[in-house]
Amino acid sequence: MENRLTFTKQTLHKSQSEITQDVTAIATYYPDMIKVYVPNVPIRRIPAGWEFDSGTNYISDKHDEKVSNETALERSIRRSQRRVRDYVLCNQFDIFFTLTIANDRMDIIRSIRKINTHFKNQRDRNGRFDYLLVPEYHKNGALHCHGVARNYTGRMKLSRSSKTNRQIVSHGKPVYEFSEYKLGFTKVQYIGNTPEDQSRVGNYISKYITKDMVSIFGKKRYWASQGLRKPLQEDNPAWFTELVADYVYENDYGKIYTFTNLWAKALPDELHDKTRF
């Protein structure tokens, strides 16, 4: 109790500038992959356990403003895209699919409700499975959805051409259909199990989160089942400068260092533990 009172007194007598620390690198841990973001300008952040009267941790976005004219909306879109990619990388989804709506496809709210009801019914009939949905709104007003799922046990069938009855193949992989989906057409393909396969799918599905979605869906830019795993994050990782990255990507805000195939690298046990999901 005495220690807690001492800590509380410290928070009352220290200014924001004294409490905040510079974050010069942020490590994000995925299954068998680590990404480290190094911003061009350090991020000012409050260490865990400290808080101001508002009760919320303080994170400054001024580092973005100094290097870019990016608006608050653009930053919000970028964060949503990152969350979708993170979900894909952390949850080993095994199928990628596209759903169309035959009726009411111009009625966005009704279409989304129909799709949500379908997925709820599928979980009731076939058991729990995880999914992530990103809607795409066409210029003609029609809606369809792209998504990923894992542990789906509902019935699927091979997709065949209506003209030749031949099995449809896309990018060297067979195409399937959800047998129980009656709202429109479906296209389903299995996803490879490597981090590169998951990363490609995450990049593809996240690109549909755009500015146009805001005026249509508001803040709801994707739909995810409960309980999906998220990556661990660490500020200023001590090990970062001791390893050579496999890939380095640079954008307007900083550099992203990617470390892959961790199982083949001589890493401390604590790093391996953080990338086991």
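As the structure is a prediction and not an experimental result, all values here were calculated from the model.

## Structural notes on the layout of surface pockets
Step number 1: Taken as a whole, the second largest pocket spans an internal volume of roughly 450 Å³.
Step number 2: Lining the second largest pocket are 16 residues; nearest its centre among them are Phe96, His171, Gln189, Val201 and Tyr204.
Step number 3: Partitioning the lining of the second largest pocket into residue classes produces six nonpolar, six polar and four charged.

## With respect to the pairing of strand β5 (residues 95-100)
Step number 1: For β5, a buried count of five out of six residues is recorded, marking the element as mostly surrounded by other parts of the structure.
Step number 2: Of the pairings in the sheet, the one linking β5 to strand β7 (residues 143-150) comprises six bridges and is antiparallel in character. Paired with Phe96 across the strands is Val148, a residue of β7.
Step number 3: As defined by bridge partners, β5 adjoins strand β12 (residues 186-190) across five bridges and the pair is classed as antiparallel. Bridged to Ile95 within β12 is Tyr190.

## A few points about empty space enclosed by the protein
Step number 1: Per the stated rule, a full pass over the model turns up one cavity of 30 Å³ or more.
Step number 2: Here the largest cavity is characterised by a volume of approximately 30 Å³.
Step number 3: What lines the largest cavity is simply Ile112, Ile115, Asn116, Leu133, Cys145 and Trp223.
Step number 4: With three residues, helix α5 (residues 108-126) is the single largest residue contributor to the lining of the largest cavity.
Step number 5: Across the lining of the largest cavity, the residue classes tally to five nonpolar, one polar and no charged.

Scoring rules and cut-offs
Residues numbered from 1 in each chain as written. Predicted model: local features only at pLDDT ≥ 70, side-chain atom pairs only at ≥ 80, totals over all residues. Heavy atoms only, no water. 1 Å grid on protein atoms, 1.4 Å probe; cavity = no way out; pocket = protein on both sides within 12 Å on 5 of 7 lines; lining within 4 Å. Points joined across faces, edges and corners; volume = space filled by probe spheres on them. Nonpolar A, V, L, I, M, F, W, Y, C, P; charged D, E, K, R; others polar. Buried < 20%, exposed > 50% of the residue type's maximum accessible area, 1.4 Å probe, protein only. Helix = DSSP H or I, 4+ residues; strand = E, 2+ residues; numbered from the N terminus. Pairing = 2+ DSSP bridges.

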